[in-house]
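Given next are the chains, with one letter for each unit.
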Amino acid sequence: MNRKTETKILKDSFGRVVNNLRISVTDRCNFRCRYCMPEEGMVWLDKSELLSYEEIASLVHIFAGLGVNKIRLTGGEPLMRKDLYLLVEKIARNARIQDLALTTNGFFLADQALNLYKAGLRRVNISLDSLDAAKFKLMTRRDYYNKVWEGIEAVETLGIRPIKLNVVLIRGINDDEIPKFAQLARLKSYVIRFIEFMPIGSDDGWTIEKVVPSNEVIKTMEGHIGKKLVPIEYHGAQPADRYRFEDGVGEIGFISSVSEPFCDHCNRVRITSDGKLRTCLFSLAETDLKSLLRGGASDDEITARIVDAVWKKEEGHLINRPGFVRPERTMSQIGG
Ligand code: SAM
Ligand code: SF4
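Anyway, here's the lowdown on the structure attached to this text. (Residues numbered from 1 in each chain as written. Chains lettered and ligands numbered in written order. Predicted model: local features only at pLDDT ≥ 70, side-chain atom pairs only at ≥ 80, totals over all residues. Heavy atoms only, no water.)

Topic: empty space enclosed by the protein
So, point 1. Counted by the stated rule, this structure contains 1 cavity of 30 Å³ or more.
So, point 2. Lining the largest cavity, in full, are V167, L169, F194, I195, E196, V212, P213, S214, V217 and F254.
So, point 3. Taken together, the elements giving at least two residues each to the lining of the largest cavity come down to β7 (163-169), β8 (191-196) and α7 (214-225).
So, point 4. With 3 residues, β8 is the largest single contributor of residues to the lining of the largest cavity.
So, point 5. When grouped by side-chain class, the residues that make up the lining of the largest cavity number 8 nonpolar, 1 polar and 1 charged. (1 Å grid on protein atoms, 1.4 Å probe; cavity = no way out; pocket = protein on both sides within 12 Å on 5 of 7 lines; lining within 4 Å. Points joined across faces, edges and corners; volume = space filled by probe spheres on them. Helix = DSSP H or I, 4+ residues; strand = E, 2+ residues; numbered from the N terminus. Nonpolar A, V, L, I, M, F, W, Y, C, P; charged D, E, K, R; others polar.)

Here we look at the site of ligand 1
So, point 1. Taken together, 18 residues form the shell around ligand 1, and within it Y35, G76, S127, N166 and M198 come nearest.
So, point 2. For ligand 1, a nitrogen atom lies 3.2 Å from a polar atom in the side chain of E77.
So, point 3. In the model, an oxygen atom of ligand 1 is placed 3.2 Å from a nitrogen or oxygen of the N166 side chain.
So, point 4. Considered on its own, ligand 1 offers 540 Å² of accessible surface; in the complex 96% of this is hidden by protein.
So, point 5. Elements with a contribution of two residues or more to the shell around ligand 1: β5 (99-104), β7 and β8.
So, point 6. In terms of residue class, the shell around ligand 1 is made up of 7 nonpolar, 9 polar and 2 charged. (Near = heavy atom within 4 Å. Polar contact = N/O pair within 3.5 Å; in protein donor to acceptor, adjacent residues only side chain to side chain. Areas by Shrake-Rupley, 256 points an atom, 1.4 Å probe, with all protein chains shown as cover.)

Some remarks on the site of ligand 2
So, point 1. If you check the shell around ligand 2, you find C29, F31, C33, Y35, C36, M37, G76, N105 and S332 and nothing else.
So, point 2. Looking at side-chain class alone, the shell around ligand 2 contains 6 nonpolar, 3 polar and no charged residues.

Observations regarding the packing of aromatic side chains
So, point 1. Under the defined criterion, the tally for this structure stands at 10 aromatic pairs.
So, point 2. For the ring pair F31 and F136, a centre distance of 6.1 Å and an interplane angle of 85 degrees mean the geometry is edge-to-face. One end of the pair, F31, is in the loop between β3 (20-24) and α1 (53-65); the other, F136, is in helix α4 (residues 133-140), with 105 residues separating them in the sequence. Take F31 and F136: they sit in the same class, and that class is buried.
So, point 3. Three or more aromatic residues joined by ring pairs form one cluster here, namely F31, F107, F108, F136, Y144 and Y145.
So, point 4. The residue whose ring lies beneath R122 is Y117, and the NZ or CZ to ring-centre distance is 3.9 Å. (Phe/Tyr/Trp six-rings, centres within 6.5 Å; stacked < 30°, edge-to-face > 60°. Buried < 20%, exposed > 50% of the residue type's maximum accessible area, 1.4 Å probe, protein only. Lys NZ or Arg CZ within 6 Å of the ring centre and 35° of its normal.)

Re unusual backbone geometry
Glycine aside, residues mostly have negative phi, and peptide bonds are mostly found in the trans state.
So, point 1. A cis amide bond links R161 to the next residue, P162, at an omega of -10 degrees.
So, point 2. In this model, D83 sits at a positive phi of 50 degrees, which is unusual for a non-glycine residue.
So, point 3. With respect to the secondary-structure elements, D83 resides in the loop between β4 (70-74) and α2 (84-92).

Quick look at α4
So, point 1. Among the residues making up α4, those that are buried are K135, F136, M139 and T140. The buried residues of α4 occupy one face: seen down the axis, they fall within an arc of 125 degrees.
So, point 2. Buried-residue contacts for α4 involve α5 (145-158) and β7.
So, point 3. With a side-chain oxygen lying 3.2 Å from the backbone nitrogen of A134, the N-terminal cap of α4 falls on D132. (Arc of directions from axis to C-beta. Contact = heavy atoms within 4.5 Å.)

What follows is the structure, given as structure tokens:
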């Protein structure tokens, strides 16, 4: 046995331990967020190409045996996949999974939240890029602002906590709403998480000028509220990604992938809806787990392929540096 397989943990060649798996359950979406996919021309995977819930549960079992204890379901829009609560139920039954979360655009939440909750879902991130219906439409190319709020209120009523609201800022479009988001975080128990705009896919219009760096968001919020944002979580020597206002009211999170990449303590890998393992959001290579599953490979064989792929996990992404190559798949196809 070599040093990659002797322990039941997933480790890469830089010593990072992977315990966090993001699973995309579909590439389809009923929104067309301008930073994620083009308005027209998306070609969806055939249903037969998607991993079945049984196949996903088998992979979860294998990953859990390798120390993965955090799972996030995403997409595309995960709630477009029929009866997602059935998958939640299967994963929630796995005693090794301590944290099961969902990232959704919120559109179907009002209808599905109760079933998801009963199936064991306790953590939800909802994307909400604007607090203004017209601007929301500009960002998502859909007039669904009120429907998303119905979804947020549905999970709130059920007692699902924390409710995290994901915000992608694009300079010149919604960066003027930073103060409103600060106020919302202080008024309600929602955690507002700013995700820096990243270059993925070929048609997202990304330029570095459109990225609003986290330190700018912090300054704007502090100036508006008149209170400091104090870090509440550090990653070793890295800057914090969770902050709270100094009076203890209002939590703000930052995913500063562009301005302060967190690659050197990245603990996550992804599976696309068509069953490809990606060891980085920006990977240019994938490992085809679906073919192994459908070709009758044993759990040990699949484990060996996963261990090998994770060992080769990329050191980090090169966004905005020479040598950066944009992945061809859109964020919705990879699973954000
Ligand atoms: N449809 C669901 C949603 O929107 O929440 C889940 C999938 S979506 C791809 C997951 C997250 O990725 C969302 O919070 C979205 O805002 C974010 N995202 C998509 N494209 C992005 C980009 N180019 N840069 C930064 N975040 C992005
Ligand atoms: Fe759909 Fe989510 Fe992409 Fe928006 S960010 S287009 S909701 S997958």
